[in-house]
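Close look at the chain arrangement
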Amino acid sequence: MRLLIIGSLGGQIGAASRIAVARGAQVVQADDIPRGLEVLRTQGADLVMVDVALDVEALIGGLAAEHMSISVVACGVASDSKAAVRAIKAGAKEYIPLPPEPELIAAVLQAVTEDSRSIIFRDPTMQRSMKMAEQVAPSEASILVTGESGTGKELMARFVHEKSRRAKGRFIAVNCAAIPDNLLESELFGHEKGAFTGAVARRIGKFEEAHGGTLLLDEISEMDVRLQAKLLRAIQEKEIDRVGSNTPVKVNVRLIATSNRNLQQAVREGSFREDLYFRLNVVNLALPPLRERPADIEALAEHFANKFAEANEMPRRPLSAAALQLLKAYRWPGNVRELENTMHRAVLLAGEHEIGPDAILLPDAQPLTRDGAGSGAPAPSSAAAPTSALARHQAAQAGASGHGQGGAAGDGTAALVGRTVADVERDLIIETLKHTLGNRTHAANILGISIRTLRNKLKLYTDQGLPVPSPSGEGDRGHQSL
């Protein structure tokens with residue numbers, strides 16, 4: 001990882017740097033906030049450690065003004081508690097007392113880079129995907145990683161990078177769904193000073209940051225068609241133009257893109273360029289949903305149980321046979337991410353000696369059912385049924401108010417009689433967001449709508465003064481505001 005240290009750290013720069021380097025970090029130092037921001041514009045970083053004696057609030061404000069999403073950790077002498085409180089209130093993620101403790105520095109670095117880079121699998125279906133990934137990783141081919149939300153597409157992209165000839169280069173990830181369209185161009189290609197309001201200085205984009213390494217375009221299906229044209233040119237010409245500049249910059253990156261939507265369907269609908277699709281889809285790594293890789297459920301559940309027991313300083317407890325049976329029966333609409341959250345809850349709620357079925361709960365505290373039809377599971381599909389949860393509820397509302405067409409409403413729709421489609425749709429969206437713990441990308445996938453449609457709905461609800469669950473989760477990193 002790339003670590004930027006801003007300030008003198010009370011004379012402890014050398015010690016902190018040595019500890020970070022020993023843990024595998026690349027360290028750059030800047031004397032003050034303006035120089036630190038300049039380093040971030042021109043080189044980028046994964047983590048910033050800033051001297052608490054400096055204006056941490058100005059640093060956080062500068063990052064926000066220039067739309068740079070980077071974790072900030074404040075450091076200072078242990079007795080300076082007021083400065084530590086000010087730094088945390090300003091937006092610092094953590095406070096490290098000086099002189100630095102090696103284990104504390106290591107824990108912070110691990111928290112930033114962890115994301116558990118290893119991919120846990122046993123199922124033959126997943127083994128085939130992993131074998132294919134390892135086979136194509138050393139090439140320079142662009143790769144499209146597809147699969148439902150929560151299947152581990154970014155982990156697969158990192159795996160390909162680490163097995164490639166670019167492994168010593170940078171791995172830079174951009175979530176196209178989490179950054180507004182008007183900012184994504186600058187995020188990818190950089191900008192010149194004065195190119196637009198807020199462009200206070202030249203800043204390099206992710207293409208330049210990833211030079212010599214790998215650039216991941218996460219959820220590329222959400223990219224605006226106009227920007228897709230500029231991306232296509234960058235791929236074809238291997239050069240980019242910063243926003244506000246006519247001078248091309250040569251770049252050498254290996255592209256990996258991910259999508260949880262059917263890009264071929266998006267091409268047919270006109271929302272995704274066909275030529276860009278073929279440029280990106282030289283190799284398609286399709287990740288199967290968790291429900292199609294049952295052998296992985298037990299392996300992943302055990303892994304997460306041990307991981308969260310250690311993280312919460314609790315004893316490791318085995319899964320009971322009944323608990324394991326429940327996990328295998330459930331359909332996991334949120335895939336590995338949902339299983340991870342479920343096991344975290346289970347570790348906290350489990351009994352003294354084992355993790356039993358009573359600890360296996362959905363986010364709303366409802367138990368998983370043995371047939372996998374818990375409140376979070378998708379309804380059984382049929383050829384004539386609507387394809388999304390939203391469509392199913394709208395169809396149910398229409399059927400319930402059919403005024404005699406087809407008879408009385410069934411038990412599942414009787415409660416909808418007298419309500420508008422808009423009301424039912426709103427409640428479904430909000431409840432789905434609660435189920436996904438605020439994760440917009442996951443919720444949009446379950447609902448069968450695009451992240452942009454979901455954002456528009458949530459903005460409407462917010463403008464109406466309705467409470468909307470706060471964003472959280474892998475699919476909502478970066479500049480998500482709704």
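Since the structure is predicted, the reported quantities are computational estimates derived from the model, not experimental observations.

Conventions used here
Residues numbered from 1 in each chain as written. Predicted model: local features only at pLDDT ≥ 70, side-chain atom pairs only at ≥ 80, totals over all residues. Heavy atoms only, no water. pLDDT = per-residue confidence, 0-100. Helix = DSSP H or I, 4+ residues; strand = E, 2+ residues; numbered from the N terminus. Contact = heavy atoms within 4.5 Å. Core = buried A, V, L, I, M, F, W, Y, C linked by side-chain atoms within 4.5 Å. Buried < 20%, exposed > 50% of the residue type's maximum accessible area, 1.4 Å probe, protein only. Pairing = 2+ DSSP bridges. Right-handed = clockwise from strand over helix to strand, strands pointing away. Phe/Tyr/Trp six-rings, centres within 6.5 Å; stacked < 30°, edge-to-face > 60°. Axes fitted to C-alpha atoms, helices over the stretch in contact; angles between N-to-C directions. Salt bridge = Lys/Arg side-chain N within 4 Å of Asp/Glu carboxyl O. Parallel < 35°, antiparallel > 145°, perpendicular 65-115°, else oblique. Nonpolar A, V, L, I, M, F, W, Y, C, P; charged D, E, K, R; others polar.

Glancing now at the confidence of the model for the protein. Taken over all residues, the pLDDT of the protein has a mean of 82, while the share at 70 or more is 85%. Within the protein, strand 6 (residues 143-146) carries the highest mean pLDDT (97), whereas helix 16 (residues 389-400) carries the lowest (47). Scored below 50 in pLDDT, residues 371-389 makes 29 contacts in the model with residues more than four places away or belonging to other chains. Scored below 50 in pLDDT, residues 391-412 makes 22 contacts in the model with residues more than four places away or belonging to other chains.

Core analysis: the largest hydrophobic core is formed by 32 residues, its most contacted members being Leu188, Phe207, Leu217 and Ile220. Those elements giving two or more residues to this core turn out to be strand 7 (171-175), helix 8 (181-189), strand 8 (214-218), helix 10 (225-237), strand 11 (254-259), helix 11 (263-269) and helix 12 (274-280). Here the element with the most residues in this core is helix 10; it accounts for five residues. Beyond its immediate chain neighbours, meaning those up to four positions away, leucine 188 contacts Val174, Gly205, Lys206, Phe207, Leu217, Met223 and Leu227.

We now examine the pairing of strand 3 (residues 47-51). Across the five residues that make up strand 3, a large majority, five, are buried. What you see with strand 3 is no split at all: Leu47, Met49 and Asp51 on one side and Val48 and Val50 on the other are buried throughout. Looking at chain direction, strand 3 and strand 4 (residues 71-77) are connected through five bridges and run parallel. Looking at the pairing, valine 48 lines up with valine 72 of strand 4. With helix 3 (residues 56-65) bridging strand 3 and its parallel neighbour strand 4, the resulting β-α-β unit is right-handed.

Considering all chains together, one arrives at four aromatic pairs under this definition. With centroids separated by 5.4 Å and ring planes inclined at 10°, the aromatic side chains of phenylalanine 189 and phenylalanine 207 adopt a geometry described as stacked. One end of the pair, phenylalanine 189, is in helix 8; the other, phenylalanine 207, is in helix 9 (residues 206-209), and 18 residues separate them in sequence.

On to the sheet that holds strand 1 (residues 2-6). A sheet is described by the order of its strands in space; here five strands give the open sequence 2-1-3-4-5, paired in parallel fashion. In the strand order of this sheet, the two ends are held by strand 2 (26-30) and strand 5 (94-98), each with one partner. On average, each strand axis in the sheet is tilted by 25° relative to the strand beside it, whichever way the strands run. Pairing of strand 4 with strand 5, which is carried by five bridges, proceeds in the parallel orientation. Across the sheet, the residue bridging to cysteine 75 is isoleucine 96, located in strand 5.

Strands belonging to one sheet form pairs held by backbone hydrogen bonds; the direction of such a pair is parallel or antiparallel. Taken together, five strands build an open sheet; the order of strands is 7-8-11-6-12 and the sheet is parallel. In this open sheet, the two edge strands, each paired with only one partner strand, are strand 7 and strand 12 (283-286). Ignoring strand direction, the axes of neighbouring strands in this sheet form an average angle of 20°. Pairing between strand 7 and strand 8: five bridges, direction parallel. Bridge pairing in strand 8 links isoleucine 172 to leucine 215. Against the sheet, helix 6 (residues 124-136) engages strand 6, strand 11 and strand 12, with an angle of about 150° to strand 12.

This paragraph deals with the pattern of salt bridges. Going through the model one piece at a time under the given rule, you end up with 29 salt bridges. We note a salt bridge from arginine 261 to glutamate 222, for which the minimum N-O separation is 3.4 Å. Here arginine 261, found in the loop between strand 11 and helix 11, pairs with glutamate 222, found in the loop between strand 8 and helix 10; they are 39 residues apart in sequence, far enough to count as distant. Residue classification places glutamate 222 among the buried residues on the basis of a relative accessible area of 5%. Overlapping salt bridges, with partners in common, bring together Arg2, Asp46, Glu187, Arg203, Lys206 and Glu209 in one network.

Contact geometry for helix 17 (residues 421-435) and helix 19 (residues 451-463): axes closest at 11 Å, N-to-C directions at 105°. Classified by the angle their axes make, helix 17 and helix 19 are roughly perpendicular. Mapping the contact onto sequence places Glu425, Arg426, Ile429, Ile430 and Leu433 in helix 17 and Leu454, Lys457, Leu458 and Tyr461 in helix 19. For the contact of helix 17 with helix 19, the residue count by class is six nonpolar, no polar and three charged.

Close contact between helix 8 and helix 10 brings their axes to 10 Å; oriented N to C, the two are set at 10°. In terms of axis orientation, helix 8 runs roughly parallel to helix 10. Between helix 8 and helix 10, the residues in contact are Leu184, Glu185, Leu188 and Phe189 and Arg226, Leu227, Lys230, Leu231 and Ala234, respectively. Among the residues making up the contact of helix 8 with helix 10, the classes are represented as six nonpolar, no polar and three charged.

With that settled, the discussion passes to unusual backbone geometry. Of the consecutive residues leucine 98 and proline 99, the connecting peptide bond is found in the cis state with omega at 0°. With respect to the element layout, proline 99 can be found in the loop between strand 5 and helix 5 (102-113). Of note, lysine 238 is a non-glycine position whose phi angle comes to about 55°, a positive value. Tracing the sequence through the fold places lysine 238 in the loop between helix 10 and strand 9 (239-241). On the basis of relative accessibility, which here comes to 55%, the residue lysine 238 falls in the exposed class. Here the phi dihedral of asparagine 335 falls at roughly 60°; this positive angle occurs in a residue that is not glycine.

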